[in-house]
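# Architecture and fold: a report
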Protein chains: 2
Amino acid sequence: MSVRSATTRVLAAVTILFLLPTSGAAREPQTSAFDLDNGNAAIEIVIPAATGPLLSTLNPGDASLILRITTLTNNAWFDAIAPYHPMAVGVSSRLGRRPAAERATNRQRNIAILYASFHMFMNLLPQFREEWRAMLRSAGLDPDDRNRDLASPVGIGTRAAEAVIASRIHDGMNQLGDEGGRRYHRQPYADYLGYRPVNTAEVLRDPSRWQPDLVTSGNGVFRAQKFVTPQYGVTRPYSFRSPSQFHVPAPRNSDAARNPSGYRRQAEEVLRASANLTDVQKLSAEHFNNKLQSLPTTVIHLAETRQYTLDEFIFHEFLTNLAAFDAGIVVWHFKRRYDAVRPFSAIHYLYGDRYVRAWGGPGRGTVNDIRGAEWRSYLDTADHPEYPSGSAAFCAAHAEASRRFTGTDALGQSVTVASGASVVEPDVTPRSDTTLGPWPTWTQWARDCGLSRVWGGVHFQDAVTEGAALGARVGEYAFRFLSGHIQGRPPAPVAG
Amino acid sequence: MSVRSATTRVLAAVTILFLLPTSGAAREPQTSAFDLDNGNAAIEIVIPAATGPLLSTLNPGDASLILRITTLTNNAWFDAIAPYHPMAVGVSSRLGRRPAAERATNRQRNIAILYASFHMFMNLLPQFREEWRAMLRSAGLDPDDRNRDLASPVGIGTRAAEAVIASRIHDGMNQLGDEGGRRYHRQPYADYLGYRPVNTAEVLRDPSRWQPDLVTSGNGVFRAQKFVTPQYGVTRPYSFRSPSQFHVPAPRNSDAARNPSGYRRQAEEVLRASANLTDVQKLSAEHFNNKLQSLPTTVIHLAETRQYTLDEFIFHEFLTNLAAFDAGIVVWHFKRRYDAVRPFSAIHYLYGDRYVRAWGGPGRGTVNDIRGAEWRSYLDTADHPEYPSGSAAFCAAHAEASRRFTGTDALGQSVTVASGASVVEPDVTPRSDTTLGPWPTWTQWARDCGLSRVWGGVHFQDAVTEGAALGARVGEYAFRFLSGHIQGRPPAPVAG
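A separate point is the domain arrangement of chain A. Residue and element names in this part refer to chain A. On domain assignment, one finds that chain A holds domain 1 (3-168) and domain 2 (214-486). Measuring from the centre of the C-alpha atoms in domain 1 to the corresponding centre in domain 2 gives 28 Å. With 50 residues of domain 1 at the contact, the number on the domain 2 side is 45 residues. Summed over both partners, the interface of domain 1 with domain 2 comes to about 4100 Å²; 67% of that surface belongs to carbon and sulfur atoms. For Arg109, the salt bridge is made with Asp311, and the minimal N-O distance between the two is 2.8 Å. The interface formed by domain 1 and domain 2 includes 12 residue pairs in polar contact (both at pLDDT 80 or more). Those elements that place two or more of their residues in the side of domain 1 that touches domain 2 are helix 1 (8-15), strand 1 (19-20), helix 2 (41-57), helix 3 (63-81), helix 4 (107-124) and helix 6 (153-168).

A word on the interface of chain A and chain B. Buried accessible area, meaning the area lost when the parts come together, often serves as the stated size of an interface. Contacts between chain A and chain B engage 47 residues on the former and 48 residues on the latter. Both sides of the chain A and chain B interface together cover about 4100 Å² of buried area, and 51% of this is carbon and sulfur. The tally of links between chain A and chain B comes to 6 salt bridges. Linking Asp383(B) and Arg223(A) is a salt bridge whose minimum nitrogen-to-oxygen distance equals 3.0 Å. The interface formed by chain A and chain B includes 21 residue pairs in polar contact (both at pLDDT 80 or more). Looking at the side of chain A that touches chain B, the elements that each hand over two or more residues are strand 2 (214-216), strand 3 (222-225), strand 4 (355-359) and strand 5 (366-371) of chain A. As paired strands, strand 3 of chain A and strand 3 (residues 222-225) of chain B are joined by 3 bridges and run antiparallel to one another. Each residue of the ladder has a partner; that of Gln225(A), found in strand 3 of chain B, is Arg223(B).

Let us now look at the state of the cysteines. Working definition of a disulfide: a covalent bond connecting the sulfur atoms of two cysteines. Residues and elements named next belong to chain B. On inspection of all chains with the given rule, the structure shows 2 disulfides over all chains. Each sulfur of the disulfide joining Cys395 and Cys449 lies 2.1 Å from the other. Because the torsion about its S-S bond is 80°, the bridge between Cys395 and Cys449 counts as right-handed. Of this pair, Cys395 sits in helix 12 (residues 390-406) while Cys449 sits in helix 13 (residues 442-455), and the two are 54 residues apart along the sequence. You'll find Cys395 and Cys449 in the same group, each marked buried.

A few words now on empty space enclosed by the protein. The tally for this structure, following the rule as stated, stands at 9 cavities of 30 Å³ or more. Each pocket or cavity is described by its volume, and for the largest cavity that value is around 220 Å³. Taken together, 25 residues form the lining of the largest cavity, with Thr200(A), Ala224(A), Thr200(B), Ala201(B) and Ala224(B) sitting closest to its centre. The set of elements that each furnish at least two residues to the lining of the largest cavity consists of strand 3 of chain A together with strand 3 of chain B.

Overlay of chain A on chain B (RMSD 0.0 Å): rotation 180°, translation along the axis 0.0 Å. Taken together, the rotation and translation relating the two chain copies correspond to the operation of a two-fold axis. Ranked by how close their C-alpha atoms come to the rotation axis, the residues of chain A are headed by Ala224(A), at 2.5 Å. Comparing interface residues between copies, 100% of those in chain A also lie at the interface in chain B; the contact surface is shared.

Turning to the pairing of strand 5 of chain A, a few remarks are in order. Residue and element names in this part refer to chain A. In this structure, strand 4 lies alongside strand 5, joined through 4 bridges in antiparallel fashion. Note that in strand 5 the partner of Val356 across the bridge is Ile370. The turn joining strand 4 and strand 5, which pair antiparallel and follow one another in sequence, is formed by 6 residues; a positive phi near 115° is taken by Gly361.

Below, the discussion takes up the side chain of His485(B). Residue and element names in this part refer to chain B. Its location among the elements puts His485 in helix 14 (residues 461-486). In this structure His485 comes out as buried when scored by relative accessible area, which is 4%. Within the local environment of His485, its side chain forms a polar contact with the backbone oxygen of Phe481, the two atoms lying 2.9 Å apart. Apart from residues lying up to four places away in sequence, His485 is in contact with Phe78, Met87, Ala88, Val89, Gly90, Val91, Pro490 and Pro491.

With that settled, consider the environment of Gly412(B). Residue and element names in this part refer to chain B. Of note, Gly412 is situated in strand 6 (residues 410-417). Taking the C-alpha atoms as reference, Gly412 lies 5.4 Å from Trp439; in sequence the two are 27 residues apart. Those residues in contact with Gly412, other than ones at most four positions away along the chain, are His301, Trp439 and Pro440.

One pass over the full model with this rule turns up 46 salt bridges over all chains. Residue Lys282(A) pairs with Glu425(A) through a salt bridge whose shortest N-O separation is 2.8 Å. A residue pair is termed long-range when its members are at least 10 positions apart, and Lys282(A) in helix 8 (residues 279-289) and Glu425(A) in the loop between strand 6 (410-417) and strand 7 (434-441) qualify at 143 residues. Here Glu102(B) and Arg98(B) are joined by a salt bridge, their closest N and O atoms 2.8 Å apart.

A few words on the nonpolar core. In this structure, Leu114(A) and Trp445(A) are the most contacted members of the largest nonpolar core, which totals 113 residues. Tallying contributions element by element places helix 10 (residues 310-338) of chain A first for this core, with 17 residues. With 111 residues, the next largest nonpolar core counts Leu124(B), Leu295(B), Val474(B) and Phe481(B) among its residues.

Each value, and the rule that gives it
- Residues numbered from 1 in each chain as written.
- Chains lettered and ligands numbered in written order.
- Predicted model: local features only at pLDDT ≥ 70, side-chain atom pairs only at ≥ 80, totals over all residues.
- Heavy atoms only, no water.
- Domains from an automatic or database assignment.
- Contact = heavy atoms within 4.5 Å.
- Buried area = accessible area lost by both parts, 1.4 Å probe.
- Salt bridge = Lys/Arg side-chain N within 4 Å of Asp/Glu carboxyl O.
- Polar contact = N/O pair within 3.5 Å; in protein donor to acceptor, adjacent residues only side chain to side chain.
- Helix = DSSP H or I, 4+ residues; strand = E, 2+ residues; numbered from the N terminus.
- Pairing = 2+ DSSP bridges.
- Disulfide = S-S within 2.5 Å.
- Buried < 20%, exposed > 50% of the residue type's maximum accessible area, 1.4 Å probe, protein only.
- 1 Å grid on protein atoms, 1.4 Å probe; cavity = no way out; pocket = protein on both sides within 12 Å on 5 of 7 lines; lining within 4 Å.
- Points joined across faces, edges and corners; volume = space filled by probe spheres on them.
- Least-squares fit on C-alpha atoms with pLDDT ≥ 70 in both.
- Core = buried A, V, L, I, M, F, W, Y, C linked by side-chain atoms within 4.5 Å.

So, in structure tokens, the structure goes:
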């Protein structure tokens, strides 16, 4: 079978009806027993088992939380297979070197990957204990095997996970909810930095600053957003020392007081995009908004066309996840510093009761008589300040790291969306099967990813430009970092 | 089979393992086809069909939204059977009078109830269209039957629902999201009165006023509460003219500036309750917090012991729902006016970094070293200001209406909770099967309902006292209102 990205199955479960597969055969469900010698445990066992639990507790747009889970798990995979590689050394561990005979088939590495996954998930998502135990049993392995011998793949996988956990449990994200010395009623991933928005969902005191959006599932209960994990910006990166090494200029067009014309201009640009949305733009916005869809499908595509080995798959998978994870740290650092207004607030503020021309809601197309205060973005606005764009940075980091890993800008991916398969406008958009892309190069793909944030109405152009610039730089750092570990010469984190 | 409350099945689906049935046989699933002549369509068809849809979009604690759905549906049932009663007249309709022969069995009334339910649900919860169509088909009825003839039960049920919808679609709750002339991106039940909390989830500017609580499902995503449906306080009641007819004194012990000793005293009372929680208190708090459990199980109990007819069941069911619905209108009116602080805010404010003695979280019992700022109530705090207590008012209205309907204070209910069946402390509480009550009288039941709000840490005593007082008064009004309609002499709404 062809090799697929580690997050593919997560994606497949949600979007199988949305994406017409480029390779039909690769999407057949796995029916036979898992082949430890020739299979890929990450793809065939771990990802399918993690799909349900992960999506039952997080949405595909919860980037900071999802990226940490995927990156740390990938980290454990990498450390679990490093001892079987001729040169590679673990990122969080030094678990020795196994004889070449043990890499004659995938068996030892698959077992190590499975135990590493089991222990990572027991740590990261312990509420699904029974699911993780069933995952190991489905591969014929014993969840109660407590072997810690470094001559055994069980021991190697177990200790790879232990090393990642020890290294990451207090990495700044507050996974345990114990930051600040909290003893009771701990809340995992709660903010401990005391971020306080200057605006509320009801009152825009300062039109330059971030305003929590109201969210509802349409049942009459409303909630106000809270900046998700502001401490992601002080979380320890893999590939550089500190986000303060990066320079991201202040968002001067979001300064309503000192730059009212720029403020209005960038809001008008978002309104214009809203009024002129094409099917391709709507679907591109949805595609790139789903982080479990846009990023991994490119890795699938390359894995299939380039026939990756098990090691190559783990390397590219970890590389792109850590590039995005590290880019997110820089993005969150500057989101917290600049605390910039989202388009919906600026448009409500500027136009109030006046009519604007804009998208009128699902299936209503463009309308001329919507009041500024009623405007909504095509995509839901995520729960963090606007500038710089996380998505633009993730795509740029992912693209640059992949370019360096493959040695070429060539991508050659396209995505076909079936008639009526839109998430925002189901049964309405697109009117007929529609192809996104094609993206011959990573450059074109990352460009559309960035533009789609303006089409979706959740970002101004400046946030996209700056997010992409910093993401590309992090992608380069991530590649240097991981290739050093693959070659057995781990570099010191880049100091800027 | 014995008669059961209309909300019983809703309850049963969630709490079948929690409540040990007092009458085992009554809880057997319905396996045979529905008997139109002798069955009770509300209990056997409508409620089971509504269970899943309702609980997939609302929680059992979303009182304002749930009570309006149940009350309006009960209203349609009442209006659908009134033409078959010797004297009764509909609350929202005048659909004529049918010959006595048509009430020889339950057939005509059951058909009318089923079409009334179908059209109410299509209006109230239209996203579940297929479920409502299947509901009618399961009783052998045609969802496409458009008969509006008042000589037919199909026509009577259909027009009863139409009358309720016409009367209630703009009753103030903003069901369509169109209040304030909103044309695009309408949000059902959104606040249109412009309520703005003076405090935020992060900052308690005024310790006397309501502060939105932070909510999370433990996955790292946090949201701030928003006062749910403040417009419930301006929604049209059934049984009186206006909530301003009621007098509820200001919550003087919640005035931190002018009454600091009272403010501290009532917070200490909640802390003391938190430190001394017994299993019975914990489980009572959970029982009365679940509005789909505490209220309807009493009606089941009476329906079983008093062998209600179909009419009697519908009368008592509608009566208790409208009593609670109307009581909620008064409660919400005063919640908005007084905007009073919840216990968690007061305790965080008063004790901050100092240690208090209190409940330490699920399974941790009472602890001495929890900081004031870390304190949490045993129950989650609902998304509306504290004073007066909604639950105390619902229970008192329900109890008073039931006393008047049955002519006695006698209740005689008890509830047994199986070992480890606590929702807050699963597998831990209670240590052995535990009986709540027994409540020989409505008076004792309503008293425990009120006290349980202090045990649960979500209310101060004054809110309970005042909520119960106004609820009892509304219960009396509700009884007069409905008994007038049953006797064919509908009263003008009471003007205080």
